[in-house]
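# Per-entry structural report
Spelled out, the chains give:
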Amino acid sequence: MGLDLMDPEHLEHEDIAYDEEVASAFDANVKASEEADTFLQAQADQMRRSSSWRTYVMLIAVTINYVMVPGFFASIGWALAVIVLFWGWGHSLITGLMLDKVSEAKPQILSYPDLGTYVGAKLTKGSKHGRRAGFWIIWVSQAIGNFLISVANLGFCAQFFQAIFPQPCYIWWVVISYGITVVLCQVPTFHESYGVNMQSIISYAVLFVLIIVNMIITGKVPDVNYEIGDVPDLFNGIAGICFAFGGHAVFPEARREMREPKRFKVTIYWMYATLGISMAVCGFLGYGLFGSEAEINIFDNLTYNASVIVGNVLILLAFFGALVIGNIITMMSVQTVLKIPLLGWIEPKSYGMPVGVTRVLLRVVIVSLELFLALLIPFIGDLVGLTGAFSSVILTFMFPPIAYWVVFKKSMSIYTKLVCALLICLSALILVIGCYGALVGIISSASAFAPFNLPCSYLDLP
(Lines give C-alpha, C1' and ligand atoms only; values in the text may rest on other atoms or scores of the structure.)
Protein backbone atom coordinates (compact mmCIF):
# COMPACT_ATOMS: atom_id res chain seq x y z
CA MET A 1 0.00 0.00 0.00
CA GLY A 2 2.96 2.30 -0.66
CA LEU A 3 4.36 2.19 2.87
CA ASP A 4 7.92 3.54 2.97
CA LEU A 5 9.36 0.73 5.07
CA MET A 6 12.89 2.10 5.09
CA ASP A 7 16.08 0.14 5.47
CA PRO A 8 17.42 0.68 9.02
CA GLU A 9 20.78 1.96 7.71
CA HIS A 10 19.06 5.15 6.62
CA LEU A 11 17.79 5.93 10.09
CA GLU A 12 19.33 8.56 12.32
CA HIS A 13 21.38 7.40 15.31
CA GLU A 14 18.64 8.38 17.71
CA ASP A 15 16.37 5.88 15.94
CA ILE A 16 18.81 2.99 16.44
CA ALA A 17 18.72 3.05 20.26
CA TYR A 18 16.75 4.83 22.93
CA ASP A 19 17.02 8.61 22.66
CA GLU A 20 19.44 10.08 25.17
CA GLU A 21 16.58 12.23 26.39
CA VAL A 22 14.49 9.14 27.03
CA ALA A 23 17.32 7.15 28.56
CA SER A 24 18.32 9.94 30.93
CA ALA A 25 14.80 10.04 32.35
CA PHE A 26 14.96 6.45 33.60
CA ASP A 27 15.54 6.64 37.35
CA ALA A 28 15.33 4.41 40.41
CA ASN A 29 11.56 4.30 40.19
CA VAL A 30 11.76 2.21 37.01
CA LYS A 31 14.58 -0.01 38.19
CA ALA A 32 12.33 -3.08 38.22
CA SER A 33 11.48 -2.58 34.55
CA GLU A 34 15.12 -2.13 33.63
CA GLU A 35 16.02 -5.33 35.47
CA ALA A 36 13.28 -7.17 33.58
CA ASP A 37 14.77 -5.91 30.28
CA THR A 38 18.27 -7.02 31.30
CA PHE A 39 16.88 -10.35 32.46
CA LEU A 40 15.41 -11.02 29.01
CA GLN A 41 18.46 -9.71 27.13
CA ALA A 42 20.71 -12.13 29.03
CA GLN A 43 18.77 -15.09 27.62
CA ALA A 44 18.40 -13.76 24.06
CA ASP A 45 21.35 -15.58 22.49
CA GLN A 46 20.34 -18.88 24.08
CA MET A 47 16.86 -18.61 22.58
CA ARG A 48 17.93 -17.95 18.96
CA ARG A 49 17.49 -21.55 17.79
CA SER A 50 14.45 -21.68 15.48
CA SER A 51 14.55 -21.89 11.69
CA SER A 52 12.14 -20.01 9.41
CA TRP A 53 10.21 -23.24 8.90
CA ARG A 54 9.82 -23.88 12.64
CA THR A 55 8.63 -20.30 13.11
CA TYR A 56 6.11 -20.66 10.28
CA VAL A 57 4.81 -23.91 11.77
CA MET A 58 4.39 -22.27 15.18
CA LEU A 59 2.57 -19.20 13.80
CA ILE A 60 0.19 -21.31 11.70
CA ALA A 61 -0.55 -23.56 14.67
CA VAL A 62 -1.56 -20.58 16.80
CA THR A 63 -3.47 -18.53 14.19
CA ILE A 64 -5.23 -20.75 11.67
CA ASN A 65 -8.94 -20.90 12.55
CA TYR A 66 -10.77 -21.46 9.28
CA VAL A 67 -13.22 -23.93 10.87
CA MET A 68 -14.91 -21.05 12.71
CA VAL A 69 -15.15 -18.60 9.80
CA PRO A 70 -18.50 -19.82 8.32
CA GLY A 71 -20.09 -19.35 11.76
CA PHE A 72 -18.83 -15.77 11.94
CA PHE A 73 -20.08 -15.12 8.39
CA ALA A 74 -23.53 -16.30 9.52
CA SER A 75 -23.66 -13.37 11.94
CA ILE A 76 -22.72 -10.65 9.45
CA GLY A 77 -24.01 -11.69 6.00
CA TRP A 78 -22.42 -11.76 2.54
CA ALA A 79 -21.55 -8.11 2.02
CA LEU A 80 -19.84 -7.57 5.38
CA ALA A 81 -18.22 -11.02 5.20
CA VAL A 82 -16.38 -10.07 2.00
CA ILE A 83 -15.42 -6.62 3.30
CA VAL A 84 -14.31 -7.68 6.78
CA LEU A 85 -12.39 -10.78 5.62
CA PHE A 86 -10.31 -8.98 3.02
CA TRP A 87 -9.92 -5.84 5.13
CA GLY A 88 -8.77 -7.96 8.10
CA TRP A 89 -6.34 -9.89 5.91
CA GLY A 90 -4.81 -6.78 4.35
CA HIS A 91 -4.75 -4.74 7.55
CA SER A 92 -3.09 -7.48 9.59
CA LEU A 93 -0.54 -8.25 6.85
CA ILE A 94 0.53 -4.60 6.76
CA THR A 95 0.76 -4.33 10.55
CA GLY A 96 2.70 -7.60 10.69
CA LEU A 97 5.27 -6.14 8.31
CA MET A 98 5.35 -2.99 10.44
CA LEU A 99 6.18 -5.02 13.55
CA ASP A 100 8.94 -6.82 11.68
CA LYS A 101 10.47 -3.54 10.49
CA VAL A 102 10.26 -2.02 13.98
CA SER A 103 11.94 -5.11 15.49
CA GLU A 104 14.66 -4.93 12.83
CA ALA A 105 15.35 -1.27 13.61
CA LYS A 106 15.25 -1.87 17.38
CA PRO A 107 17.09 -5.15 18.03
CA GLN A 108 17.04 -4.47 21.78
CA ILE A 109 13.25 -5.02 21.75
CA LEU A 110 12.77 -8.73 22.47
CA SER A 111 9.08 -8.92 23.37
CA TYR A 112 5.81 -7.13 22.76
CA PRO A 113 5.82 -5.58 26.28
CA ASP A 114 9.38 -4.33 25.53
CA LEU A 115 7.93 -2.53 22.51
CA GLY A 116 5.17 -1.07 24.69
CA THR A 117 7.81 0.21 27.12
CA TYR A 118 9.76 1.87 24.31
CA VAL A 119 6.70 3.50 22.72
CA GLY A 120 5.40 4.72 26.08
CA ALA A 121 8.77 6.29 26.88
CA LYS A 122 9.07 8.00 23.50
CA LEU A 123 5.52 9.38 23.55
CA THR A 124 6.00 10.89 27.01
CA LYS A 125 9.58 12.15 26.49
CA GLY A 126 11.06 9.59 28.85
CA SER A 127 8.46 9.81 31.59
CA LYS A 128 8.72 6.93 34.05
CA HIS A 129 4.92 6.79 34.11
CA GLY A 130 4.77 6.61 30.32
CA ARG A 131 7.29 3.81 30.28
CA ARG A 132 5.39 1.86 32.88
CA ALA A 133 2.04 2.53 31.20
CA GLY A 134 3.35 1.34 27.83
CA PHE A 135 4.68 -1.86 29.33
CA TRP A 136 1.57 -2.71 31.32
CA ILE A 137 -0.96 -1.82 28.60
CA ILE A 138 0.70 -4.23 26.20
CA TRP A 139 1.47 -6.86 28.83
CA VAL A 140 -2.12 -6.92 30.09
CA SER A 141 -3.56 -6.95 26.55
CA GLN A 142 -1.29 -9.82 25.60
CA ALA A 143 -1.86 -11.79 28.80
CA ILE A 144 -5.65 -11.35 28.86
CA GLY A 145 -5.97 -12.14 25.15
CA ASN A 146 -3.92 -15.33 25.29
CA PHE A 147 -5.56 -16.35 28.56
CA LEU A 148 -9.12 -15.93 27.22
CA ILE A 149 -8.41 -17.74 23.98
CA SER A 150 -6.80 -20.56 25.95
CA VAL A 151 -10.03 -20.78 27.97
CA ALA A 152 -12.03 -20.94 24.73
CA ASN A 153 -9.67 -23.54 23.21
CA LEU A 154 -9.99 -25.65 26.36
CA GLY A 155 -13.75 -25.68 25.78
CA PHE A 156 -13.29 -26.43 22.09
CA CYS A 157 -11.06 -29.42 22.87
CA ALA A 158 -13.70 -30.75 25.27
CA GLN A 159 -16.37 -30.36 22.56
CA PHE A 160 -14.30 -32.25 19.99
CA PHE A 161 -13.62 -35.01 22.53
CA GLN A 162 -17.35 -35.37 23.15
CA ALA A 163 -18.13 -35.29 19.43
CA ILE A 164 -15.91 -38.40 19.14
CA PHE A 165 -16.92 -40.03 22.44
CA PRO A 166 -20.43 -38.90 23.56
CA GLN A 167 -19.81 -40.23 27.07
CA PRO A 168 -18.91 -39.08 29.69
CA CYS A 169 -20.55 -35.67 30.08
CA TYR A 170 -19.02 -32.47 28.75
CA ILE A 171 -17.66 -31.31 32.12
CA TRP A 172 -15.46 -34.39 32.37
CA TRP A 173 -14.03 -33.77 28.91
CA VAL A 174 -13.17 -30.24 30.06
CA VAL A 175 -11.28 -31.71 33.03
CA ILE A 176 -9.53 -34.29 30.80
CA SER A 177 -8.52 -31.53 28.36
CA TYR A 178 -7.16 -29.57 31.32
CA GLY A 179 -5.02 -32.53 32.42
CA ILE A 180 -3.52 -32.96 28.94
CA THR A 181 -2.86 -29.21 28.67
CA VAL A 182 -1.03 -29.11 32.01
CA VAL A 183 1.41 -31.72 30.68
CA LEU A 184 1.88 -30.25 27.20
CA CYS A 185 2.42 -26.70 28.48
CA GLN A 186 5.59 -27.61 30.37
CA VAL A 187 7.72 -27.10 27.24
CA PRO A 188 9.82 -24.02 28.07
CA THR A 189 9.70 -21.97 24.82
CA PHE A 190 8.36 -22.02 21.25
CA HIS A 191 11.38 -23.98 20.02
CA GLU A 192 10.57 -27.03 22.16
CA SER A 193 6.93 -26.99 21.02
CA TYR A 194 7.83 -27.94 17.43
CA GLY A 195 6.46 -31.49 17.68
CA VAL A 196 3.05 -30.27 18.90
CA ASN A 197 2.99 -27.52 16.27
CA MET A 198 3.95 -29.87 13.44
CA GLN A 199 1.16 -32.31 14.18
CA SER A 200 -1.20 -29.30 14.31
CA ILE A 201 -0.48 -28.07 10.80
CA ILE A 202 -0.50 -31.62 9.39
CA SER A 203 -3.89 -32.07 11.04
CA TYR A 204 -5.11 -28.74 9.64
CA ALA A 205 -3.91 -29.61 6.11
CA VAL A 206 -5.72 -32.98 6.06
CA LEU A 207 -8.70 -31.42 7.84
CA PHE A 208 -9.04 -28.73 5.19
CA VAL A 209 -9.47 -31.36 2.48
CA LEU A 210 -11.93 -33.37 4.62
CA ILE A 211 -14.06 -30.29 5.34
CA ILE A 212 -14.26 -29.24 1.70
CA VAL A 213 -15.15 -32.78 0.55
CA ASN A 214 -17.74 -33.24 3.31
CA MET A 215 -19.33 -29.85 2.70
CA ILE A 216 -19.80 -30.81 -0.94
CA ILE A 217 -21.20 -34.24 0.06
CA THR A 218 -23.58 -32.69 2.62
CA GLY A 219 -24.78 -30.18 0.06
CA LYS A 220 -26.79 -27.03 0.42
CA VAL A 221 -29.28 -26.80 3.28
CA PRO A 222 -32.90 -26.85 1.97
CA ASP A 223 -34.43 -23.36 1.96
CA VAL A 224 -31.11 -21.90 3.06
CA ASN A 225 -31.33 -18.29 4.16
CA TYR A 226 -28.70 -15.66 4.73
CA GLU A 227 -30.35 -13.54 7.39
CA ILE A 228 -27.84 -11.78 9.61
CA GLY A 229 -28.05 -11.71 13.40
CA ASP A 230 -29.05 -8.81 15.62
CA VAL A 231 -26.67 -5.92 16.29
CA PRO A 232 -24.65 -7.60 19.10
CA ASP A 233 -24.27 -10.75 16.95
CA LEU A 234 -23.17 -8.59 14.04
CA PHE A 235 -20.50 -6.88 16.12
CA ASN A 236 -19.44 -10.19 17.64
CA GLY A 237 -19.04 -11.73 14.18
CA ILE A 238 -16.80 -8.86 13.04
CA ALA A 239 -14.67 -9.23 16.17
CA GLY A 240 -14.46 -12.99 15.63
CA ILE A 241 -13.00 -12.52 12.15
CA CYS A 242 -10.51 -10.01 13.59
CA PHE A 243 -9.53 -12.68 16.10
CA ALA A 244 -8.77 -15.10 13.26
CA PHE A 245 -5.92 -12.82 12.15
CA GLY A 246 -4.62 -12.21 15.67
CA GLY A 247 -1.18 -13.82 15.64
CA HIS A 248 0.71 -10.56 16.17
CA ALA A 249 0.69 -11.08 19.94
CA VAL A 250 3.56 -13.55 19.46
CA PHE A 251 5.41 -11.85 16.58
CA PRO A 252 8.21 -10.10 18.54
CA GLU A 253 8.77 -13.20 20.68
CA ALA A 254 8.75 -15.50 17.62
CA ARG A 255 11.24 -13.26 15.81
CA ARG A 256 13.41 -13.23 18.95
CA GLU A 257 13.80 -17.02 18.79
CA MET A 258 14.83 -17.17 15.09
CA ARG A 259 18.41 -17.97 14.11
CA GLU A 260 18.00 -15.52 11.22
CA PRO A 261 15.53 -12.83 12.35
CA LYS A 262 15.76 -11.07 8.97
CA ARG A 263 13.86 -13.98 7.42
CA PHE A 264 10.83 -13.25 9.56
CA LYS A 265 9.39 -11.07 6.79
CA VAL A 266 9.29 -14.05 4.40
CA THR A 267 7.65 -16.12 7.13
CA ILE A 268 4.92 -13.48 7.46
CA TYR A 269 4.16 -13.63 3.72
CA TRP A 270 3.85 -17.42 3.77
CA MET A 271 1.72 -17.30 6.90
CA TYR A 272 -0.77 -14.82 5.42
CA ALA A 273 -0.96 -16.66 2.10
CA THR A 274 -1.95 -19.79 4.06
CA LEU A 275 -4.44 -17.93 6.26
CA GLY A 276 -6.07 -16.01 3.42
CA ILE A 277 -6.64 -19.00 1.15
CA SER A 278 -7.91 -21.37 3.86
CA MET A 279 -10.25 -18.83 5.46
CA ALA A 280 -11.71 -17.59 2.17
CA VAL A 281 -12.37 -21.07 0.76
CA CYS A 282 -13.83 -22.55 3.95
CA GLY A 283 -15.72 -19.39 4.91
CA PHE A 284 -17.43 -18.69 1.60
CA LEU A 285 -18.18 -22.34 0.80
CA GLY A 286 -19.49 -23.10 4.31
CA TYR A 287 -21.65 -19.98 4.48
CA GLY A 288 -22.89 -20.52 0.93
CA LEU A 289 -24.09 -24.03 1.77
CA PHE A 290 -25.44 -23.52 5.29
CA GLY A 291 -26.28 -19.82 5.42
CA SER A 292 -27.36 -18.48 8.79
CA GLU A 293 -27.33 -22.05 10.19
CA ALA A 294 -23.52 -22.27 9.87
CA GLU A 295 -21.99 -23.18 13.24
CA ILE A 296 -18.79 -21.96 14.90
CA ASN A 297 -17.62 -25.60 14.62
CA ILE A 298 -18.44 -26.33 10.98
CA PHE A 299 -18.42 -30.08 11.68
CA ASP A 300 -21.72 -29.65 13.51
CA ASN A 301 -23.26 -28.86 10.09
CA LEU A 302 -21.86 -31.87 8.24
CA THR A 303 -23.50 -35.23 7.57
CA TYR A 304 -22.21 -37.61 10.24
CA ASN A 305 -19.93 -40.31 8.78
CA ALA A 306 -16.53 -41.91 9.33
CA SER A 307 -14.63 -39.01 7.76
CA VAL A 308 -16.38 -36.55 10.09
CA ILE A 309 -15.17 -38.62 13.05
CA VAL A 310 -11.64 -38.51 11.62
CA GLY A 311 -12.09 -34.76 11.12
CA ASN A 312 -13.03 -34.27 14.76
CA VAL A 313 -9.90 -36.20 15.80
CA LEU A 314 -7.75 -33.99 13.56
CA ILE A 315 -9.30 -30.76 14.74
CA LEU A 316 -8.86 -31.89 18.35
CA LEU A 317 -5.13 -32.39 17.73
CA ALA A 318 -4.89 -29.04 15.95
CA PHE A 319 -6.62 -27.14 18.75
CA PHE A 320 -4.35 -28.69 21.35
CA GLY A 321 -1.47 -27.20 19.38
CA ALA A 322 -3.09 -23.76 19.49
CA LEU A 323 -3.84 -24.23 23.19
CA VAL A 324 -0.20 -25.01 23.94
CA ILE A 325 1.20 -22.02 22.00
CA GLY A 326 -1.33 -19.60 23.49
CA ASN A 327 -0.38 -20.77 26.95
CA ILE A 328 3.36 -20.65 26.31
CA ILE A 329 3.30 -16.96 25.36
CA THR A 330 1.24 -16.17 28.47
CA MET A 331 3.55 -18.18 30.66
CA MET A 332 6.75 -16.68 29.22
CA SER A 333 5.33 -13.18 29.79
CA VAL A 334 4.49 -13.97 33.41
CA GLN A 335 7.88 -15.62 33.94
CA THR A 336 9.64 -12.53 32.58
CA VAL A 337 7.78 -10.23 34.99
CA LEU A 338 8.51 -12.58 37.91
CA LYS A 339 12.09 -13.07 36.66
CA ILE A 340 11.77 -16.83 36.42
CA PRO A 341 14.31 -18.01 33.77
CA LEU A 342 12.75 -19.31 30.57
CA LEU A 343 15.32 -22.09 30.12
CA GLY A 344 16.86 -24.70 32.41
CA TRP A 345 15.45 -27.31 34.81
CA ILE A 346 17.86 -27.63 37.76
CA GLU A 347 19.91 -24.45 37.56
CA PRO A 348 19.60 -21.59 38.21
CA LYS A 349 17.55 -21.47 41.38
CA SER A 350 14.32 -19.49 41.32
CA TYR A 351 12.40 -18.53 44.47
CA GLY A 352 14.54 -21.01 46.41
CA MET A 353 13.68 -23.96 44.14
CA PRO A 354 15.15 -25.46 40.95
CA VAL A 355 13.90 -23.30 38.09
CA GLY A 356 12.09 -26.26 36.53
CA VAL A 357 10.01 -26.78 39.68
CA THR A 358 9.11 -23.08 39.88
CA ARG A 359 8.13 -23.03 36.22
CA VAL A 360 5.97 -26.17 36.51
CA LEU A 361 4.12 -24.84 39.56
CA LEU A 362 3.46 -21.47 37.89
CA ARG A 363 2.13 -23.11 34.73
CA VAL A 364 -0.13 -25.48 36.67
CA VAL A 365 -1.64 -22.45 38.43
CA ILE A 366 -2.26 -20.62 35.12
CA VAL A 367 -3.93 -23.61 33.43
CA SER A 368 -5.99 -24.24 36.59
CA LEU A 369 -7.33 -20.68 36.36
CA GLU A 370 -8.29 -21.39 32.75
CA LEU A 371 -10.17 -24.50 33.88
CA PHE A 372 -12.04 -22.42 36.48
CA LEU A 373 -13.13 -19.86 33.87
CA ALA A 374 -14.00 -22.54 31.29
CA LEU A 375 -16.49 -24.00 33.80
CA LEU A 376 -17.73 -20.58 34.91
CA ILE A 377 -18.26 -19.04 31.44
CA PRO A 378 -18.52 -21.77 28.77
CA PHE A 379 -19.77 -19.37 26.07
CA ILE A 380 -16.98 -20.07 23.62
CA GLY A 381 -18.21 -17.96 20.71
CA ASP A 382 -18.59 -14.91 22.94
CA LEU A 383 -15.15 -15.46 24.50
CA VAL A 384 -13.59 -15.63 21.05
CA GLY A 385 -15.42 -12.43 20.08
CA LEU A 386 -14.24 -10.64 23.23
CA THR A 387 -10.66 -11.77 22.64
CA GLY A 388 -10.83 -10.60 19.04
CA ALA A 389 -12.33 -7.24 19.97
CA PHE A 390 -9.97 -6.51 22.85
CA SER A 391 -6.61 -8.21 22.54
CA SER A 392 -6.45 -8.96 18.80
CA VAL A 393 -7.56 -5.46 17.82
CA ILE A 394 -5.08 -3.76 20.15
CA LEU A 395 -2.08 -6.00 19.39
CA THR A 396 -2.76 -6.83 15.74
CA PHE A 397 -4.52 -3.80 14.27
CA MET A 398 -4.02 -0.73 16.48
CA PHE A 399 -0.64 -0.78 18.23
CA PRO A 400 1.69 -1.73 15.31
CA PRO A 401 0.98 1.48 13.32
CA ILE A 402 1.42 3.51 16.53
CA ALA A 403 4.79 1.85 17.16
CA TYR A 404 5.81 2.27 13.53
CA TRP A 405 4.97 5.98 13.67
CA VAL A 406 6.98 6.44 16.86
CA VAL A 407 10.06 4.65 15.52
CA PHE A 408 10.09 6.07 11.98
CA LYS A 409 8.42 9.45 12.46
CA LYS A 410 11.44 11.44 11.21
CA SER A 411 11.43 9.59 7.88
CA MET A 412 7.74 8.92 7.21
CA SER A 413 6.00 10.48 4.23
CA ILE A 414 2.65 12.23 4.56
CA TYR A 415 1.06 9.31 2.72
CA THR A 416 2.41 6.78 5.22
CA LYS A 417 1.20 8.90 8.13
CA LEU A 418 -2.28 9.02 6.60
CA VAL A 419 -2.30 5.24 6.17
CA CYS A 420 -1.21 4.74 9.79
CA ALA A 421 -3.87 7.19 11.02
CA LEU A 422 -6.56 5.37 9.02
CA LEU A 423 -5.49 1.97 10.40
CA ILE A 424 -5.55 3.32 13.97
CA CYS A 425 -9.03 4.90 13.57
CA LEU A 426 -10.52 1.75 12.01
CA SER A 427 -9.02 -0.32 14.84
CA ALA A 428 -10.53 1.95 17.49
CA LEU A 429 -13.97 1.56 15.89
CA ILE A 430 -13.70 -2.25 15.82
CA LEU A 431 -12.46 -2.24 19.42
CA VAL A 432 -15.59 -0.43 20.64
CA ILE A 433 -18.24 -2.28 18.63
CA GLY A 434 -16.58 -5.69 19.07
CA CYS A 435 -16.32 -5.42 22.86
CA TYR A 436 -19.93 -4.25 23.01
CA GLY A 437 -21.19 -7.21 20.99
CA ALA A 438 -19.15 -9.78 22.93
CA LEU A 439 -20.11 -8.43 26.36
CA VAL A 440 -23.82 -8.28 25.43
CA GLY A 441 -23.60 -11.89 24.26
CA ILE A 442 -21.89 -13.05 27.47
CA ILE A 443 -24.42 -11.23 29.66
CA SER A 444 -27.34 -12.61 27.64
CA SER A 445 -26.03 -16.20 27.86
CA ALA A 446 -25.18 -15.87 31.55
CA SER A 447 -28.72 -14.76 32.39
CA ALA A 448 -30.04 -18.17 31.35
CA PHE A 449 -27.20 -20.24 32.74
CA ALA A 450 -26.07 -21.20 36.25
CA PRO A 451 -22.26 -21.11 36.67
CA PHE A 452 -20.59 -24.53 36.91
CA ASN A 453 -23.91 -26.22 36.09
CA LEU A 454 -22.90 -27.47 32.64
CA PRO A 455 -25.28 -29.60 30.55
CA CYS A 456 -24.21 -33.14 29.80
CA SER A 457 -23.93 -32.41 26.06
CA TYR A 458 -21.97 -29.50 24.65
CA LEU A 459 -24.76 -29.09 22.06
CA ASP A 460 -26.99 -27.78 24.86
CA LEU A 461 -24.60 -25.01 25.88
CA PRO A 462 -25.94 -21.45 25.47
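The structure reproduced in this document is the subject of the present report. Keep in mind that what you see is a predicted model, and the values were worked out from it rather than measured.

### Re empty space enclosed by the protein
Summed over the entire model, instances satisfying the criterion amount to 4 cavities of 30 Å³ or more. Lining the largest cavity are 19 residues; nearest its centre among them are V62, N146, I149, F243 and G246. Elements supplying a minimum of two residues to the lining of the largest cavity: α3 (52-63), α6 (128-164), α12 (306-338) and α14 (380-408). A per-element tally of the lining of the largest cavity places α14 first, with 5 residues. The class makeup of the residues in the lining of the largest cavity is 7 nonpolar, 12 polar and no charged.

### A few points about unusual backbone geometry
Residue Q167 is joined to P168 through a cis peptide bond whose omega torsion reads 5°. Non-glycine residue K339 carries a positive phi angle of around 60°. Relative to the elements of secondary structure, K339 occurs in the loop between α12 and β1 (349-350). On the basis of relative accessibility, which here comes to 37%, the residue K339 falls in the partly exposed class. Located in the positive-phi region is Y351, a residue other than glycine, with phi close to 55°. You can see Y351 is positioned in the loop between β1 and β2 (353-354). In this structure Y351 comes out as exposed when scored by relative accessible area, which is 55%.

About the thresholds
For every chain, the first residue of its written sequence is number 1, and the numbers climb from 1 along that sequence. Where totals are concerned, whole chains, interfaces and linings use all residues; where local detail is concerned, this predicted model gives features only for residues with pLDDT of at least 70, and gives and counts side-chain atom pairs only at 80 or more. The side-chain quantities take in all heavy atoms of the structure and omit both hydrogens and water. A cavity here means a set of 1 Å grid points, computed over protein atoms only, where a 1.4 Å probe fits but cannot escape. A pocket is an open set with protein on both sides within 12 Å along at least 5 of 7 lines, and lining residues have an atom within 4 Å of a point. Grid points are joined across faces, edges and corners, and a volume is the space filled by probe spheres set on the points. Starting at the N terminus, helices and strands are each numbered in turn, a helix being any DSSP run of H or I of at least four residues and a strand any DSSP run of E of at least two. As a working rule, the residues Ala, Val, Leu, Ile, Met, Phe, Trp, Tyr, Cys and Pro are called nonpolar, Asp, Glu, Lys and Arg charged, and the rest polar, with Gly in that last group. Residue exposure (1.4 Å probe, protein chains only): buried if accessible area is under 20% of the type maximum, exposed if over 50%, otherwise partly exposed.

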